[in-house]
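# Chain and residue survey
Take a look at the letters that make up each chain.
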Amino acid sequence: MGLFSFVKSAGEKLFGGKDEPKAPEKGTAEDSEARERFEALVAKQRAAAISTAISKNQLEVADLDVSVDGDTATLKGSAPNQETREKAILVAGNVNGIASVDDQLTVESTEPEATFYTVERGDTLGKIAQEHYGKASKYPVIFEANKPMLTDPDKIYPGQVLRIPALDD
């Protein structure tokens, strides 16, 4: 459990590939009230979209509760294992507009935690595998550890956060 940081401007857009709706301009007290209502609505929409994305990625989290406050998503519930917990955090954090994920998930069976790695410009899964495992040929381990969020080992982008699991000896 803890707070995980992400690149706010990197990641999947929730509103159909478009930029998020714009808040009303600041000005009068009436405008401030409208802005607050708008921000609360956007937070609810983000939370619902993150919850849907977690389900769509076939991550079974019991009693999942997602809330969003500003650029922070909070996840509550119970994951069956460490891998599911970490993938749920990544799904939430790899959303455009989310800068941090407050992980309050519990895990039913404990396992070693994976390392999180933020993709940089010029990275490939092979390069990341070489750095973490000493062999570029181990890139399928990273690819498999990030399915179903990754659908192609050649489609990673700067700012994306990936799970790097420990190798089984």
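Residues numbered from 1 in each chain as written. Predicted model: local features only at pLDDT ≥ 70, side-chain atom pairs only at ≥ 80, totals over all residues. Heavy atoms only, no water.

### Some points on the sheet that holds strand E4 (residues 100–109)
- Spatial ordering of the open sheet is given by E1-E4-E3-E2, a layout of four strands whose pairing is mixed. Two strands lie at the open edges of the sheet, namely strand E1 (2–5) and strand E2 (62–69), each paired on one side alone. The average undirected angle you get between the axes of adjacent strands in this sheet is 25°.
- Two elements, strand E3 (residues 72–81) and E4, share nine bridges in a ladder whose sense is parallel. Bridge pairing links Ser78 to Thr106 in E4. (Pairing = 2+ DSSP bridges. Helix = DSSP H or I, 4+ residues; strand = E, 2+ residues; numbered from the N terminus. Axes fitted to C-alpha atoms, helices over the stretch in contact; angles between N-to-C directions.)

### Describing the pattern of salt bridges
- Within the structure shown, the criterion is met by six salt bridges.
- Of the charged contacts, one joins Arg35 and Glu39 as a salt bridge, the two residues approaching to 3.3 Å between their closest N and O atoms. Here Glu39 and Arg35 lie together in helix H1 (residues 29–56), a separation of four residues that amounts to about one turn.
- Exposure remark for Arg35: the relative accessible area of 23% places this residue in the partly exposed category.
- Judged by its relative accessible area of 40%, Glu39 falls in the partly exposed class. (Salt bridge = Lys/Arg side-chain N within 4 Å of Asp/Glu carboxyl O. Buried < 20%, exposed > 50% of the residue type's maximum accessible area, 1.4 Å probe, protein only.)

### Focus on helix H2 (residues 82–93)
- Under the 1.5 Å per step criterion, the end-to-end length of H2 is 16 Å for twelve residues, consistent within 8% with the ideal 16 Å.
- Sitting at the amino-terminal end of H2 is Asn81, which places a side-chain oxygen 3.3 Å from the backbone nitrogen of Glu83. (Expected span 1.5 Å × (residues − 1). Polar contact = N/O pair within 3.5 Å; in protein donor to acceptor, adjacent residues only side chain to side chain.)

### Brief notes about the environment of Leu125
- Note on placement: Leu125 falls in helix H3 (residues 125–133).
- Leu125 sits in the buried class, given a relative accessible area of 2%.
- Between the C-alpha atoms of Leu125 and Tyr139, which are 14 residues apart in sequence, the distance is 5.2 Å.
- Each residue touching Leu125, except ones within four places of it in the same chain, is listed here: Tyr139, Ile142, Phe143, Leu150, Pro153, Ile156 and Leu162. (Contact = heavy atoms within 4.5 Å.)

### Let's talk about the packing of aromatic side chains
- If you walk through the whole model with that rule in mind, you get one aromatic pair.
- Their ring planes at 40° and their centres at 5.3 Å tell us that Phe4 and Phe116 sit as a pair that is tilted. Remark: Phe116 occurs in strand E5 (residues 115–118) and Phe4 occurs in strand E1; sequence separation between them is 112 residues. (Phe/Tyr/Trp six-rings, centres within 6.5 Å; stacked < 30°, edge-to-face > 60°.)

### So, unusual backbone geometry
- Cis geometry marks the peptide bond from Lys147 to Pro148, where omega comes out at 0°.
- The topology assignment puts Pro148 in the loop between helix H4 (139–145) and strand E6 (161–164).
- For Gln58, which is not glycine, the phi dihedral falls at a positive 60°.
- Among the secondary structure elements, Gln58 is positioned in the loop between H1 and E2.
- Positive phi outside glycine occurs at Asp63, with the angle close to 55°.
- Structurally, Asp63 can be placed in strand E2.
- Judged by relative accessible area, Asp63 falls into the exposed class, the value being 72%.

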